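# Structural features, examined
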Amino acid sequence: MKKALIIQFFLLFSISVFAQNEEVKNVILMIPDGTSSSVLALSRWYKGYLAGDYNTTLAVDPYLRGLVRTFSSNNPIGDSAPTTSCYMTGQPSKAGFVSTYPEKTDSDLFPVDATRTYQPLITAFEAARILKHKAIGLVATSYLEDATPADCMSHYYNRHKRAILAKQMVYNGVDVVISGGAKEVRPLENELKNKGVNVIYDDIDGFRNNESDKLWAFFDESDIPYHLDCDTDNVPSLAEMTKVALNCLAGSPDGFAIMVEGSKVDWAAHNDDAKTIVDEYLEFDKAVQVAIDFAKKDGHTVVVILPDHGNSGISIGSRKTNKTYNKMKIDELMQPLIDYTVSAEKLGDLLAGSDNAEIKPLFKKLCNFDIADEDVKEIVDMKAKSEGNEHSKVAYTLTKVVTNILYKNTCIGFTTYGHTGEDVFLAIYDPNNNAPTGWLTNTDINEYLCELLGVSGQLPKLTDELYARHQEVFDGYEVKIEKVSKDEKDDNYKLIVKSKKQKLEIESYTNYFVLDGKKIDLESVVIYVDKNNTFYLPKKIREYLQ
Ligand SMILES: [Zn+2]
């Protein structure tokens, strides 16, 4: 009797422990690129103003729980490539470096080992795929190979080598992609189709009717236009992209890891374009709601939301309100934002293709204010100066002029067109409610992500095994590196290793090698770095050579 009671008690106890500690299977990482914390306050006031209710909150609000220090290896103000790289790899790196060990400089904030410079570093997502068989998803409003998504599943010291990064992602077992960037993927689409991926370009119906759990859907050749300027009948919102991606991944038997980026909060911030910053953030916030709803229903999903760095020094109040801030009504703050119906970039583009007589009516129609004569003159002069230049260049120059004119009409302040070095906010939805709080660093975020994905402490070992230098792996063999094509612009290289009886060939940025004509798959991509003429590849390839 007593024994039975004890067993019963034990059973009850273990059930209740289980109920409070759900196994985490899925991780949704959400990055609003370049979003300073004041964007949250401004977006919340704006949303409340539109709703006529200042109790209105953001989807992210209930889950805010800390601040994160984010930086580059040699600079307290981070660039997108090294900041998300550090969340992914645990290693702070240098501007432009995509999940790659940094160069040593004279301003490093922490010790850098020069012998490891340019070594690709395995990411938390790659480790989750290789060791835990998790499915992988990437969603972005920019192009797929832009720094933040690239940081999750590719490696290179130069973020601008877009073809190199896109090729790696094609070969790196990414199950779901929804983004811009069709241009770089199109030439490799057969590789995806052979793996059973449903590849879609600019086809919203095909996208909505997709039934495959492997989907790569593109809605622009490069970045997707801002939500404000976008053809929303034919391009899904970030919230819908997130929903479709989660539907694809939900059935993965071993769970999934996905990164969702609100890419262009950052782009708007580089233009000091307050309305577009708020609009892009609110679109991101709707995607946060989709992710939280999924996680709550699923019970085994954690959602981690944090920017990669600040941008623009945006503030509620500007030098214009030095002495009036304590009298400023909310209408003064909000009305210009309501009135601006296009991005500064779009207005710059329209002005570049318009006659001078159309300048005033355009501002009135699209931004609802009468532009001052001196500002009209500035636009006219700028257009005259850039006559003969191609449209995109003129538009770019005019965007900066427009930005300044729009800015003068608001009470929103900016300190820079560049990134800023403040701590970024951290929000986490965790079904077990045991996520970290307080002040954390970018390397803490990596440790936390690795813990959630079940790969704690595994990244250094995997990097060592999968990214060894070819000179060491093939020591004693005859080795040759040559270009794959004669095209000067082509960045693909081939490593050829010869023994007495065998010939082994590896093409850069792919996940296989060819031994005496036979193709053998690898679990990671092989990286070639031109700076040190080195292939980084798995040590175990050597075992195939007799
Ligand atoms: Zn960024």
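It should be noted that the structure appears before, not after, this text.
Residues numbered from 1 in each chain as written. Predicted model: local features only at pLDDT ≥ 70, side-chain atom pairs only at ≥ 80, totals over all residues. Heavy atoms only, no water.

## Points about the overall build of the chain
- When you go through the chain residue by residue, the secondary structure sums to 20 helices and 22 strands.
- The C-alpha radius of gyration computed for the chain amounts to 25 Å, which stays within 12% of the reference 24 Å derived for 546 residues, consistent with globular compactness.
- Overall size of the chain, expressed as C-alpha extent along the three principal axes, is 85 × 80 × 50 Å.
- Here the chain holds 546 residues, and the buried ones make up 56% of them.
- In the chain, once contacts between residues fewer than 6 apart in sequence are set aside, the share between residues at least 24 apart is 71%.
- Within the structure as shown, the chain displays about 24,000 Å² of accessible surface, and the carbon and sulfur contribution to it stands at 50%.
- Computed over 61 positive and 80 negative side-chain charges, the inter-centroid distance for the chain is 4 Å. (Helix = DSSP H or I, 4+ residues; strand = E, 2+ residues; numbered from the N terminus. Rg over C-alpha atoms; globule rule 2.2 N^0.38 Å. Buried < 20%, exposed > 50% of the residue type's maximum accessible area, 1.4 Å probe, protein only. Contact = heavy atoms within 4.5 Å. Areas by Shrake-Rupley, 256 points an atom, 1.4 Å probe, with all protein chains shown as cover. Lys, Arg positive; Asp, Glu negative; His and termini not counted. Charge placed at Lys NZ, Arg CZ, Asp CG, Glu CD.)

## So, the coordination of the zinc ion
- Donor atoms from the polypeptide that bind the zinc ion are Asp 33 (OD), Asp 33 (OD), Ser 80 (OG), Asp 308 (OD) and His 309 (NE2), placed at 1.8 to 2.7 Å.
- Linear spacing of the donor residues for the zinc ion on their chain is D-x46-S-x227-D-H. Here Asp 308 lies in the loop between strand E8 (301-305) and strand E9 (310-311) and Asp 33 lies in the loop between strand E1 (26-32) and helix H2 (38-51), a separation of 275 residues in the sequence. One exposure class covers both Asp 33 and Asp 308, and it is buried. (Donors = N, O, S within 2.8 Å, 3.2 Å for Na, K, Ca; no water.)

## Some remarks on the side chain of Ser 179
- Positionally, Ser 179 belongs in strand E4 (residues 176-180).
- In this structure Ser 179 comes out as buried when scored by relative accessible area, which is 1%.
- Discounting residues that sit within four places of it in the chain, Ser 179 has contacts with Ala 140, Ser 142, Leu 144, Ala 217, Phe 218, Phe 219, Asp 220 and Ile 224.

## Topic: empty space enclosed by the protein
- Under the counting rule described, the total for this entry stands at two cavities of 30 Å³ or more.
- The computed volume of the largest cavity comes to approximately 160 Å³.
- Every residue lining the largest cavity is counted, 17 residues in all, and those nearest its centre are Thr 141, His 227, Pro 236, Ser 237 and Leu 238.
- Elements with a contribution of two residues or more to the lining of the largest cavity: helix H10 (238-249) and helix H12 (274-298).
- Ranked by residues supplied to the lining of the largest cavity, first place goes to H12 with three residues.
- Grouping the constituent residues of the lining of the largest cavity by class yields nine nonpolar, six polar and two charged.
- Its boundaries defined by the atoms lining it, the second largest cavity holds a volume of some 70 Å³.
- Every residue along the wall of the second largest cavity is listed here: Asp 272, Asp 273, Ala 274, Lys 275, Tyr 340, Ala 344, Thr 403, Leu 406, Tyr 407, Thr 410, Ile 412 and Phe 414.
- If you list the elements that add at least two residues to the lining of the second largest cavity, you get H12 and helix H17 (391-408).
- Among the elements that take part in the lining of the second largest cavity, H17 stands out by supplying three residues, more than any other.
- Residue composition of the lining of the second largest cavity, grouped by class: seven nonpolar, two polar and three charged. (1 Å grid on protein atoms, 1.4 Å probe; cavity = no way out; pocket = protein on both sides within 12 Å on 5 of 7 lines; lining within 4 Å. Points joined across faces, edges and corners; volume = space filled by probe spheres on them. Nonpolar A, V, L, I, M, F, W, Y, C, P; charged D, E, K, R; others polar.)

## Points about the pattern of salt bridges
- A full pass over the atoms with the stated rule returns 24 salt bridges.
- Residues Glu 145 and Arg 162 are paired through a salt bridge, measuring 3.0 Å at the closest nitrogen-oxygen approach. Of this pair, Glu 145 sits in the loop between strand E3 (135-143) and helix H5 (147-153) while Arg 162 is found in helix H6 (residues 162-171), placing the two residues 17 residues apart along the sequence.
- Note on Glu 145: relative accessible area 0%, which makes it buried.
- Linking Lys 161 and Asp 491 is a salt bridge whose minimum nitrogen-to-oxygen distance equals 3.2 Å. With a gap of 330 residues between them, Lys 161 in the loop between H5 and H6 and Asp 491 in the loop between strand E16 (478-483) and strand E17 (493-498) connect regions that are remote in the sequence.
- When salt bridges with common partners are traced through the structure, they connect Asp 79, Asp 146 and Arg 159 into a single cluster. (Salt bridge = Lys/Arg side-chain N within 4 Å of Asp/Glu carboxyl O.)

## Some words on the sheet that holds strand E22 (residues 534-537)
- Strand order in the open sheet formed by three strands is E15-E22-E21, and the pairing between neighbours is antiparallel. Edge positions in the sheet fall to strand E15 (468-469) and strand E21 (527-529), since each of these pairs with one other strand and no more. (Pairing = 2+ DSSP bridges.)

## Observations concerning the environment of Tyr 171
- With respect to the element layout, Tyr 171 can be found in helix H6.
- Residue Tyr 171 is classed as buried on the basis of its relative accessible area, which comes to 9%.
- Taking the C-alpha atoms as reference, Tyr 171 lies 7.4 Å from Tyr 509; in sequence the two are 338 residues apart.
- Once residues lying within four places of it in the same chain are set aside, the contact partners of Tyr 171 are Glu 191, Lys 195, Tyr 509, Thr 510, Asn 511, Tyr 512 and Val 525.

## As for the packing of helix H3 (residues 80-89) against helix H18 (residues 442-452)
- The contact between H3 and H18 brings their axes to 6 Å, and the two run at 40 degrees. As the angle between them shows, H3 and H18 are arranged oblique. Note on element contacts: H18 touches H3 through Asn 442, Thr 443, Ile 445, Asn 446 and Leu 449, opposite Cys 86, Tyr 87, Met 88 and Thr 89.
- Along the lines of polarity and charge, the residues of the contact of H3 with H18 split into five nonpolar, four polar and no charged. (Axes fitted to C-alpha atoms, helices over the stretch in contact; angles between N-to-C directions. Parallel < 35°, antiparallel > 145°, perpendicular 65-115°, else oblique.)

## Topic: the nonpolar core
- The biggest cluster of nonpolar side chains holds 87 residues, and the ones touching the most others in it are Leu 29, Phe 125, Trp 216, Val 304, Phe 474, Leu 504 and Leu 537.
- Among residues more than four places away in sequence, those in contact with Val 304 are Ile 28, Leu 29, Met 30, Leu 426, Ala 427, Ile 428, Tyr 448, Leu 449 and Leu 452. (Core = buried A, V, L, I, M, F, W, Y, C linked by side-chain atoms within 4.5 Å.)

## Structural notes on the sheet that holds strand E18 (residues 503-507)
- In spatial order, the strands read E16-E17-E18-E19-E20; together these five strands make up an open sheet with antiparallel pairing. Two strands in the sheet have a free side with no partner beyond their single neighbour: E16 and strand E20 (518-521). Strand-to-strand, the axes of this sheet are offset by a mean angle of 20 degrees, without reference to chain direction.
- Judged from the two bridges that link them, E18 and strand E19 (residues 512-515) form a sheet pairing that is antiparallel. Bridged to Leu 504 within E19 is Leu 515.

## Here's the deal with unusual backbone geometry
- Here the phi dihedral of Ser 312 falls at roughly 80 degrees; this positive angle occurs in a residue that is not glycine.
- Residue position: Ser 312 is located in the loop between E9 and strand E10 (315-316).
- Judged by relative accessible area, Ser 312 falls into the buried class, the value being 0%.

## Describing the pairing of strand E6 (residues 215-218)
- With burial as the criterion, each face of E6 is covered, one bearing Leu 215 and Ala 217 and the other bearing Trp 216 and Phe 218.
- Inspection of the sheet shows strand E5 (residues 198-201) paired to E6 by four bridges, in the parallel sense. Considered in E6, the bridge of Asn 198 is made with Leu 215.

Bear in mind that shape data such as this cannot, by itself, settle questions of function.
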